[in-house]
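Structural overview for review
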Amino acid sequence: MQEELFTDIVIRLRPRLMSLARGILHNDEEAADAVQDALVSLWRMGDRVQQPTEAERLAMRITRNVSLNKLKRRSFVIAALDNMPSDTIHPLTARQDNPHESMERQETERQVNDAIAALPKNQQAVILLHHMDGLSYQQIAAIQGSTENAVRMTASRAKANLMNSLKQPKQEAS
């Protein structure tokens, strides 16, 4: 993508992208972050995007997806990741009537959210896109302007980092 095309898109579309993100997230700061992330993803697609209409369509779609990811992340926690032992965390979506179990579940959700938030941005994106949106590694690679193998490696590192982060509090408590 040529710099002039990208600059034109940013100037023309930013208000629409902000409106879209704000409508999903209901938070100006998160909406601005989502738009920024979407525009970075669009820029990384580079020469694969040549036409203004294609760039506009992609910018809107990426902004929508990034915003939905942020919204989901705010209210939903990943219960089980590939290769993560089932005893590492409880199923987080199960309804539990016992107040003690409910408090434990909330604490576990907080720990998982904190662990995800501590990941580098590229690892967060891959985990959220793959496990929450159900996108394939190939689709994620296309969005990020990367290769499928690079996305798989990033996902693997993210899972390892999450497992280490989630194990640390248990070891300290023992």
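Structural data are supplied above this passage.
Residues numbered from 1 in each chain as written. Predicted model: local features only at pLDDT ≥ 70, side-chain atom pairs only at ≥ 80, totals over all residues. Heavy atoms only, no water.

This paragraph deals with unusual backbone geometry. Positive phi outside glycine occurs at His26, with the angle close to 55°. Look at His26 and you get exposed, because its relative accessible area is 66%. (Buried < 20%, exposed > 50% of the residue type's maximum accessible area, 1.4 Å probe, protein only.)

This next bit is on the pattern of salt bridges. A full pass over the atoms with the stated rule returns seven salt bridges. A salt bridge links Asp8 to Arg12, with the shortest nitrogen-to-oxygen separation between them at 3.3 Å. Linking Asp8 with Arg12, this pair stays in helix H1 (residues 3–25), spanning four residues, or about one helical turn. Look at Asp8 and you get partly exposed, because its relative accessible area is 35%. For Asp28, the salt bridge identified is with Arg22, shortest N-O distance 2.6 Å. Assessed through its relative accessible area of 49%, Asp28 is described here as partly exposed. The structure contains a network of salt bridges with shared partners spanning Asp8, Arg12 and Glu56. (Salt bridge = Lys/Arg side-chain N within 4 Å of Asp/Glu carboxyl O. Helix = DSSP H or I, 4+ residues; strand = E, 2+ residues; numbered from the N terminus.)

Turning our eyes to something else, we now look at the packing of helix H5 (residues 121–132) against helix H6 (residues 137–144). Between H5 and H6, the least distance of the axes is 10 Å, while the angle of their chain directions is 135°. Classified by the angle between their axes, H5 and H6 sit oblique to one another. As H5 runs across H6, the sense of the crossing is right-handed. Judged by residue contacts, Asn122, Ala125, Val126, Leu129 and His130 of H5 engage Tyr137, Ile140 and Gln144 from H6. Grouping the amino acids of the contact of H5 with H6 by side-chain chemistry returns five nonpolar, three polar and no charged. (Axes fitted to C-alpha atoms, helices over the stretch in contact; angles between N-to-C directions. Parallel < 35°, antiparallel > 145°, perpendicular 65-115°, else oblique. Left-handed = near helix turned anticlockwise from the far one by under 90°. Contact = heavy atoms within 4.5 Å. Nonpolar A, V, L, I, M, F, W, Y, C, P; charged D, E, K, R; others polar.)

At a closest axis distance of 9 Å, the pairing of H1 and helix H2 (residues 28–44) adopts a crossing angle of 145°. Crossing geometry of H1 relative to H2 is assigned as right-handed. The residues of H2 that touch H1, namely those facing Glu3, Phe6, Ile9, Val10, Arg14, Leu17, Met18, Ala21, Arg22 and Leu25, are Asp28, Glu30, Ala31, Ala32, Ala34, Val35, Gln36, Leu39, Leu42 and Trp43. Across the contact of H1 with H2, the residue classes tally to 14 nonpolar, one polar and five charged.

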